[in-house]
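Examining the three-dimensional arrangement
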Amino acid sequence: MSRLPFALLFVLLGLVAGGCMHAPRSTIVRASAVVPINDPSERKPAVPSEAWAGRSIRVTATVAIPEDRREESAGLALSAAQLLARDKARGELRTRLGQLPITSGGTLGALAAEQASVGKALEAFGSRAEVAWATSADGREVTATIDTPLAELDRAIAAAQGAPVEESPVDETARLRDRVQAEAVAHRAADEAARAELLRRMLAYETSSGATVGDLLRKHPTEQETALALLRNARTTMNQRVVGGRWKVILEADLAPLLLRLDFLDAPVPRGR
C-alpha cells in the first residue's frame, strides 16, 4: 500500500508533462520596423565652415607657345596655349581639392566618389574658378593662374549634401516645425513597413493542419477581409523616436479569431451513411 502514492505521483507527473508537450502555440504575431528620421535641422555638412575658414588654393600651369612666324597664326597659337594652360591649371586644382581633409575622415575626393551630388558640386566649383593669364617677357610661354577662396566650395558641398546653409541665426520655431514634420513622415513610413512585415508573418503562420494562413485564405477567400481587419486593428506596442535619429514601430495581432474561422471552414464535411 505504501507504494501507491508514489505510483499515482508518477502518473500525475506524466500527465502534466504530456500536457506541457501539447500546450497550444501562441496565436500572437508581432512585427517591427525602424526608419531614419530625415530631419533637415540635424543634417551636418561633411566640411563645416571652420575647417576651411579663410583658406584659398592657388595653382599655376605654364605652356610653351608654338613658334609661328606668320602674323595671322600667332593669335591662334596664343589662344591654343592659353586654353591648354587653363585646362592644366584646373586639373591641378581638382587634384588639390580632392586632397582636402574632411571632418568625417578621409578626403574630399573620396567623398565625391561616394556621393554623386558632391562630385558634381566639386566639378562645378572647379569649372567656375577664374583664370588669369600672363605671357613671358620673351613671348614664348603663357601661364595660367587660379587663386580661389574655399568659402564658396564649403557652401556648395553643404548644399549638395542637403544641409541647410544659414546666413542668419537659426529660427527655433522653423527648426521645431521641421522636426515635427520629419518625425511624422518617419512614423508613417515605419508604420507602413511594420504592417507589411506583420502581414507577411500572418500569412506565413502555420495552422494546426500544417497549412499556412495564406494557404487557407486562398482556399477560403471570403475570410480575407477578416485577415485585413486584424491587420488594420493591430495593436501598437511601440511608436516612438529611438537612438540614432530613427523612428520605431512595433505591432502585434492575435490570429485566434481568424484561425477559428479557418479551422471551421476547412474542417472535413462528415459523410452521410
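Notes on the structure in this doc start here. The shown structure was predicted, so the numbers you read here are calculated from the model rather than taken from an experiment.

Another point: the sheet that holds strand E6 (residues 246–254). Spatial strand order, E1-E6-E5: three strands in an open sheet with antiparallel pairing. Only two strands of the sheet have a single partner each, and these edge strands are strand E1 (28–36) and strand E5 (235–242). Recorded for the sheet is a direction-independent mean angle of 10° between the axes of neighbouring strands. Looking at chain direction, E1 and E6 are connected through nine bridges and run antiparallel. Each residue of the ladder has a partner; that of Val29, found in E6, is Ala253.

Glancing now at the packing of helix H7 (residues 172–204) against helix H9 (residues 224–232). The packing of two helices is summarised by the inter-axis angle and the distance between the axes. The contact between H7 and H9 brings their axes to 10 Å, and the two run at 140°. Judged by the inter-axis angle, H7 sits oblique to H9. Once H7 is placed against H9, the crossing between them reads as right-handed. Only Ala227, Leu230, Leu231 and Arg232 of H9 make contact with H7, whose side of the interface consists of Arg195, Leu198, Leu199 and Met202. Grouping the constituent residues of the contact of H7 with H9 by class yields six nonpolar, no polar and two charged.

Moving on, we get to the nonpolar core. The biggest cluster of nonpolar side chains holds 30 residues, and the ones touching the most others in it are Leu97, Leu100, Leu108 and Leu153. For this core, the element with the most residues is helix H3 (residues 71–98), which contributes six residues. Not counting residues within four places of it along the chain, the set of residues in contact with Leu153 comprises Trp52, Leu97, Leu100, Leu108, Leu122 and Phe125. The next biggest cluster of nonpolar side chains, apart from the first, holds 28 residues, and it includes Ala33, Ile37, Leu216 and Leu251.

A few words now on the sheet that holds strand E3 (residues 132–135). Strand order in the open sheet formed by three strands is E2-E4-E3, and the pairing between neighbours is antiparallel. If you trace the sheet from one side to the other, it starts and ends with strand E2 (56–64) and E3, each paired once. The mean inter-strand angle of the sheet, taken between neighbouring strand axes irrespective of direction, is 20°. By the bridge criterion, nine bridges tie E2 to strand E4 (residues 141–149) in an arrangement that is antiparallel. Residue pairing in the sheet places Val59 in a bridge with Ile146 of E4.

The rules behind each value
Residues numbered from 1 in each chain as written. Predicted model: local features only at pLDDT ≥ 70, side-chain atom pairs only at ≥ 80, totals over all residues. Heavy atoms only, no water. Pairing = 2+ DSSP bridges. Helix = DSSP H or I, 4+ residues; strand = E, 2+ residues; numbered from the N terminus. Axes fitted to C-alpha atoms, helices over the stretch in contact; angles between N-to-C directions. Parallel < 35°, antiparallel > 145°, perpendicular 65-115°, else oblique. Left-handed = near helix turned anticlockwise from the far one by under 90°. Contact = heavy atoms within 4.5 Å. Nonpolar A, V, L, I, M, F, W, Y, C, P; charged D, E, K, R; others polar. Core = buried A, V, L, I, M, F, W, Y, C linked by side-chain atoms within 4.5 Å. Buried < 20%, exposed > 50% of the residue type's maximum accessible area, 1.4 Å probe, protein only.

Function cannot be read off these values alone, since they describe shape.
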